[in-house]
Amino acid sequence: FSLQLDHPKAARKMQDIQNEPELAQRATVSEPVKQMDMATYLNIILLKYALYITSPKFLLMSGFAVSVGIITEGFLCFTLCEANMRAYVLSFYYIVFGVLSMGIELKFKLIDTYFPILLTFSGRGFWYLYLATIAFGSEWWSMFIAVLLICNGMLNSY
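It should be emphasised that the depicted structure is a prediction, and the values quoted were computed from it without experimental measurement.

Digging into unusual backbone geometry
Most peptide bonds take the trans configuration, and most residues that are not glycine carry a negative phi.
1) Next: Despite not being glycine, K107 shows a phi value in the positive range, around 55°.
2) Next: By secondary structure assignment, the location of K107 is in the loop between α5 (85–105) and α6 (109–114).

Spelled out as structure tokens, the structure:
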């Protein structure tokens, strides 16, 4: 049983097991040692994944994607939703708030001047959570965009 580990503590533990003949024999026979090494390996993978999805680069890409999504929802609702005043006003808000979200992600000077809280991670997180509350609708695409906005808001608030 061998794993390629680039975490120093886990790699050192594997070296210790391989250097000691008695431990090496126990490692090949004993199931708990294998599980401990597998658990360490899985923890390392999960840590790397968590660091990736909370990195500023990933948050920028996901923020841009949900901004395009909410703008798309606005245009879809203009054409496919019920013909009433509320739907048209919400569609207009989706488009305006989507463009504003793109400005937030690109850190426009105008946003920094008038809405500096939106350039912090927690401010951006609450912004996306607010957008998710107004994005929920009865169509499947509005629910999908709202769930993506909730996920992005939670990641930014983390």
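Examining the packing of helix α7 (residues 121–135) against helix α8 (residues 140–157)
1) Next: Relative orientation of the contacting elements α7 and α8 amounts to 165°, with a least axis distance of 7 Å. If you check the angle between α7 and α8, you find them roughly antiparallel. The handedness of the crossing between α7 and α8 comes out as left-handed. Taking contact as the criterion, the partners of F121, S122, R124, G125, F126, Y128, L129, L131, A132 and A135 in α7 are, on α8, S142, A146, L149, I150, N152, G153, M154, N156 and S157.

Observations regarding the side chain of N152
1) Next: In this structure, N152 sits in helix α8.
2) Next: The buried category is assigned to N152, whose relative accessible area is 3%.
3) Next: Excluding residues that lie within four positions of it along the chain, N152 makes contacts with L59, S62, G63, V66 and Y128.

As for the environment of M154
1) Next: The residue M154 is located in helix α8 in this model.
2) Next: The class of M154 is exposed, set by a relative accessible area of 52%.
3) Next: Sequence separation between M154 and R124 is 30 residues; the distance between their C-alpha atoms is 9.6 Å.

Some details on α5
1) Next: For α5, spanning 21 residues, the distance from its first C-alpha to its last is 30 Å, which sits close to the expected 30 Å at 1.5 Å a residue.
2) Next: Among the residues of α5, A87, L90, S91, Y94, I95, F97, G98, S101, M102, G103, I104 and E105 are the ones counted as buried.
3) Next: Looking at the packing, one finds that the buried side of α5 touches α4 (56–80), α6 and α7.
4) Next: Immediately beyond the C-terminal end of α5, within one or two residues, lies K107, with a positive phi of roughly 55°.

Let's talk about the packing of aromatic side chains
1) Next: Tallied over the full model, the rule gives eight aromatic pairs.
2) Next: Plain terms: the ring middles of W127 and Y130 are 6.0 Å apart, the flat faces sit at 40° to each other, and that makes the pair tilted. Of the two residues, W127 and Y130 both sit in helix α7, three residues apart, roughly one turn of that helix.
3) Next: Judged by its relative accessible area of 12%, W127 falls in the buried class.
4) Next: Of the residues examined, Y130 reaches a relative accessible area of 40% and is grouped as partly exposed.
5) Next: Cluster of aromatic residues (ring-pair linked, three or more members): F92, Y93, F97, W127 and Y130.

Comments concerning the nonpolar core
1) Next: Judged by nonpolar contacts, the single largest core of 17 residues is most densely connected at I70, W127, Y128, L131 and L149.
2) Next: Looking at this core, the elements with two or more residues in it are α4, α5, α7 and α8.
3) Next: Among the elements that line this core, the one with the most residues is α7, at six residues.
4) Next: For W127, the contacting residues outside a window of four places in its chain are F97, L100, S101, I104 and L118.

Regarding the packing of α5 against α7
1) Next: Interaxial distance between α5 and α7 falls to 11 Å at its minimum, and their mutual angle equals 165°. One way to sum up the angle between α5 and α7 is to call them roughly antiparallel. α7 is crossed by α5, and the crossing has left-handed handedness. Residues L90, Y94, F97, L100, S101, I104 and E105 of α5 lie in contact with α7, whose contacting residues are R124, W127, Y128, Y130, L131, I134 and A135.
2) Next: When grouped by side-chain class, the residues that make up the contact of α5 with α7 number eleven nonpolar, one polar and two charged.

Thresholds, definitions, all that
Numbering of residues starts from 1 in each chain and follows the order in which that chain's sequence is written. Local features in this predicted model are restricted to residues whose pLDDT is 70 or higher, and side-chain atom pairs enter the listing and the counts only when it is 80 or higher, whereas totals over whole chains, interfaces and linings include all residues. As a rule here, side-chain values come from all non-hydrogen atoms in the structure, and water together with hydrogens is ignored. Numbered from the N terminus, helices here are DSSP runs of H or I no shorter than four residues, and strands are runs of E no shorter than two. Fitting a line to C-alpha atoms yields each axis, with helices limited to the stretch in contact; the angle taken between N-to-C directions then spans 0 to 180 degrees. Each angle is binned into one of four classes, with values under 35 degrees roughly parallel, values over 145 roughly antiparallel, values of 65 to 115 roughly perpendicular, and all other values oblique. Note on convention: the crossing is left-handed when the near helix lies turned anticlockwise from the far helix by less than a right angle, right-handed when the turn is clockwise. In what follows, residue pairs with any heavy atoms lying within 4.5 Å of each other are defined as contacts. Only protein chains enter the calculation, and the probe is 1.4 Å; a residue is then buried if its accessible area is under 20% of its type maximum, exposed if over 50%, and partly exposed in between. Take the residue count of a helix, subtract one, and multiply by 1.5 Å to get its expected span. Between rings of Phe, Tyr and Trp, where Trp is taken as its six-membered ring, a pair exists when centres lie within 6.5 Å; planes separated by under 30 degrees are stacked, by over 60 edge-to-face, and by other angles tilted. We define a nonpolar core as any set of buried Ala, Val, Leu, Ile, Met, Phe, Trp, Tyr and Cys residues linked to one another through side-chain atoms lying within 4.5 Å. Residue polarity follows a fixed list, in which Ala, Val, Leu, Ile, Met, Phe, Trp, Tyr, Cys and Pro are nonpolar, Asp, Glu, Lys and Arg are charged, and the others, Gly among them, are polar.

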